[in-house]
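Fold and contact review
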Amino acid sequence: MVVKVLHCAVCALEFPAKLIVKHMERCFVRNEKQSCYGTPNMSQVNPYNIFCEQFNKANSTFCKRLRVLCSEHYKSIEDTAKVCGYPFAWNKSEFRPVIKTFNDMQAMLREGFCHYPRKNCLQHHNWIQNAMGLIDVELLNLLIKLDEWFEKKRTLQVSETMRGDVLSLFCDKTVRLNNLNEDSSVPICSSVNSDPANDMQYQNTEQSMNATMSHAEGTD
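Residues numbered from 1 in each chain as written. Predicted model: local features only at pLDDT ≥ 70, side-chain atom pairs only at ≥ 80, totals over all residues. Heavy atoms only, no water.

Notes on the overall build of the protein
In plain terms, the rule: Secondary structure is summarised from DSSP: a helix means a run of H or I of at least four residues, a strand means a run of E of at least two, and numbering begins at the N terminus for each. Exposure classes here rest on a 1.4 Å probe applied to the protein chains alone. A residue is buried below 20% of its type maximum, exposed above 50%, and partly exposed in between. Contacts were defined at the residue level, with two residues in contact if any of their heavy atoms lie within 4.5 Å.
For the protein, the count of helices and strands is six helices and five strands. For the protein, the N- to C-terminal ordering of α and β elements is β-β-α-β-β-β-α-α-α-α-α. Of all 220 residues assigned to the protein, the portion counted as buried reaches 19%. Expressed as a percentage of contacts within the protein between residues at least 6 apart in sequence, the contacts between residues at least 24 apart total 49%.

Given below as structure tokens:
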């Protein structure tokens, strides 16, 4: 009897082909626990409970791994499942985005599911956690893009508020003309931020103009 042997992608040791999947997962989890992905403070924003946020007493940090893919704190829900339940529609070796993976549920039902007991099914080991991890990774990518769009929107709003307009440039001084004809179309502009020195100069000019016009009327 020939036993097919494969090499582990993590530790490069030889294991039987039937047990290589479980060994690779355990080997990966063992190496993953040696790394720390945490911060001293808990995240203020955790949309859809996507991050782990479990407190690690060894280094006093909060775990920032994806909650479903956290090999240190997440407990898989497959322990309560009696059958495997892997959809045979996913057996096709082709690239499928997450959106197309669950696009046609009727096709998944027609193809059927794996009915082997979960503990005895070595081909579809831990597939539920992997599928949920793909969904959370896609959700995280969308949240990152949404944050980038909000930042671009804020930048555009700031640049728009700081940009001046022509009307404000024309109305940056106060002009007082009392002796205008009724048919005159000269606009009277005023500004709140007028200079007191300019106002005094305009008043003196106005008084001199009134005196000149009164003297001209008396001469006539």
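Regarding a nonpolar patch on the surface
Condition: Exposure above 30% relative accessible area and no salt bridge define the residues that can form patches, which grow by joining like charges within 9 Å and nonpolar side chains of Val, Leu, Ile, Met, Phe, Trp and Tyr within 5 Å. Each accessible area value is a Shrake-Rupley result obtained with a 1.4 Å probe; residue values ignore everything except the protein chains displayed when judging cover. What counts as a salt bridge is simple: a side-chain nitrogen of Lys or Arg found within 4 Å of a carboxyl oxygen of Asp or Glu.
Taken together, the side chains of Phe102, Met105 and Ile135 present a nonpolar region at the surface, about 250 Å² in accessible area. Of note, Phe102 is situated in the loop between α2 (98-101) and α3 (105-111).

Remarks on the packing of aromatic side chains
Threshold: Stacked, edge-to-face and tilted are the three classes for Phe, Tyr and Trp ring pairs, Trp counted by its six-membered ring, which pair at centre distances within 6.5 Å; planes under 30 degrees apart are stacked, over 60 edge-to-face, the rest tilted.
On inspection of all chains with the given rule, the structure shows four aromatic pairs. Ring centres 5.8 Å apart and planes at 85° place the aromatic pair Tyr86 and Trp90 in the edge-to-face group. In this pair, the class of Tyr86 matches that of Trp90, namely buried. Pairwise contacts between aromatic rings join Tyr86, Trp90 and Trp127 into one cluster.

What about helix α4 (residues 127-162)?
To keep it simple, the criterion reads: Expected helix span is taken as 1.5 Å per residue step, with the number of steps being one fewer than the number of residues.
With 36 residues, α4 extends 53 Å from end C-alpha to end C-alpha; this agrees with the ideal 52 Å at 1.5 Å per step. Along α4, the residues classified as buried are Trp127, Ile128, Gln129, Ala131, Gly133 and Asp136.

Some details on the pattern of salt bridges
Pairing is possible between side chains of opposite charge, provided their charged atoms come close. Evaluation of the coordinates by the stated rule reveals four salt bridges. Notably, a salt bridge pairs Glu32 with Arg65, separated by 3.3 Å at the nearest N-O pair. Taken together, the residues span a long stretch of sequence, with Glu32 in helix α1 (residues 20-32) and Arg65 in the loop between β5 (61-63) and α2 at a distance of 33 residues. Residue class for Glu32 comes out buried when judged on its relative accessible area of 17%. The class for Arg65 is buried, based on a relative accessible area of 8%. We note a salt bridge from Glu53 to Lys64, for which the minimum N-O separation is 2.8 Å. One end of the pair, Glu53, is in the loop between β3 (38-39) and β4 (55-56); the other, Lys64, is in the loop between β5 and α2, with 11 residues separating them in the sequence. Classification of Glu53 by relative accessible area gives buried; the value is 11%. Through salt bridges with shared partners, a single ionic network connects Glu32, Arg65 and Glu72.

Describing the confidence of the model for the protein
Rules: Summary of the metric used: pLDDT quantifies the predictor's per-residue confidence within the range 0 to 100.
Mean pLDDT over the protein stands at 77; residues scoring 70 or higher make up 69%. Predicted confidence in the protein is weakest over helix α6 (residues 196-219), with a mean pLDDT of 63, and strongest over β5, with 90. Per-residue pLDDT stays below 50 along residues 180-194; that stretch engages in 15 contacts with residues further than four places along the chain or on separate chains.

Describing unusual backbone geometry
Backbone geometry places Glu53, a non-glycine residue, at a positive phi of 65°. Backbone geometry at Asn126 places phi at a positive 60°, although glycine is not the residue there. With respect to the element layout, Asn126 can be found in the loop between α3 and α4. Since its relative accessible area comes to 9%, Asn126 is described here as buried.

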